[in-house]
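Read off the chains here:
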Amino acid sequence: MRALAARGLSLHGFGVKITGLARYADALVSSDSTSWSLRGRHVPGCTASHRSESNCLRFALAWHDRLVCSLDPSAASTTRAA
Ligand SMILES: [Zn+2]
């Protein structure tokens, strides 16, 4: 990934796992994954209208914040749900 990024390519990490992001997130300009939604399928909903958290914005944003903090602990003060 770094070799490709060094050639000036703007790389998107489609489906890159957390371990991959930990290794080379600095070489990516963006990434996405459905991991949060898959996990959310097994979490009871946060409101009566959510049967599970698989499509919940609040759950997704909390997942994102935890991921960002795990990759860069100094980002903890900049996340929404810290
Ligand atoms: Zn929810």
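Given the structure is predicted, the values throughout are model-derived calculations rather than measurements.

> Help me out: how do you make sense of the overall build of the protein in this one?
Regarding its fold elements, the protein presents four helices and two strands. Secondary structure elements in the protein, listed N-terminal to C-terminal, are α-β-α-β-α-α. In terms of overall size, the protein is more extended than a compact globule, its C-alpha atoms giving a radius of gyration of 15 Å where 82 residues would be expected to give roughly 12 Å. The dimensions of the protein, computed from C-alpha atoms along their principal axes, are 50 × 25 × 15 Å. Considering only contacts in the protein between residues 6 or more positions apart, those separated by 24 or more positions represent 17%. For the protein, the exposed surface amounts to about 5,900 Å²; the carbon and sulfur share of it is 57%.

> Honestly, the side chain of Ser 37 in this entry has me stumped. Any pointers?
As for its position among the elements, Ser 37 is in helix 3 (residues 35–40). Ser 37 gets classed as buried once you look at its relative accessible area, which sits at 15%. Separated by 2.7 Å, the side chain of Ser 37 and the backbone oxygen of Ser 54 make a polar contact.

> Sorry, what's going on with the coordination of the zinc ion here?
When a metal carries six donors in an octahedron, the ideal angles between them are 90 or 180 degrees, while four donors in a tetrahedron ideally lie at 109.5 degrees. Ligation of the zinc ion by protein atoms is provided by Cys 46 (SG), His 50 (ND1), Glu 53 (OE), Glu 53 (OE) and Cys 56 (SG), these donors lying 2.2 to 2.8 Å from the ion. In this structure Glu 53 comes out as buried when scored by relative accessible area, which is 5%. The class for Cys 56 is buried, based on a relative accessible area of 2%.

> Please clarify how the domain arrangement of the protein should be interpreted in this entry.
Size of an interface: often given as the accessible area lost when the parts come together. Assigned domains of the protein: these are domain 1 (1–32) and domain 2 (34–82). Taking only C-alpha atoms, the centre of domain 1 and the centre of domain 2 are 21 Å apart.

> So what exactly am I meant to see when it comes to the nonpolar core here?
Across soluble globular proteins, nonpolar side chains show a tendency to be buried alongside one another. Core analysis: the largest hydrophobic core is formed by six residues, namely Leu 11, Val 16, Leu 21, Tyr 24, Leu 28 and Leu 67. Contacts of Val 16, omitting those with residues within four sequence positions, involve Leu 21, Tyr 24, Asp 32 and Ser 33.

About the cut-offs
Residues numbered from 1 in each chain as written. Predicted model: local features only at pLDDT ≥ 70, side-chain atom pairs only at ≥ 80, totals over all residues. Heavy atoms only, no water. Helix = DSSP H or I, 4+ residues; strand = E, 2+ residues; numbered from the N terminus. Rg over C-alpha atoms; globule rule 2.2 N^0.38 Å. Contact = heavy atoms within 4.5 Å. Areas by Shrake-Rupley, 256 points an atom, 1.4 Å probe, with all protein chains shown as cover. Buried < 20%, exposed > 50% of the residue type's maximum accessible area, 1.4 Å probe, protein only. Polar contact = N/O pair within 3.5 Å; in protein donor to acceptor, adjacent residues only side chain to side chain. Donors = N, O, S within 2.8 Å, 3.2 Å for Na, K, Ca; no water. Domains from an automatic or database assignment. Core = buried A, V, L, I, M, F, W, Y, C linked by side-chain atoms within 4.5 Å.

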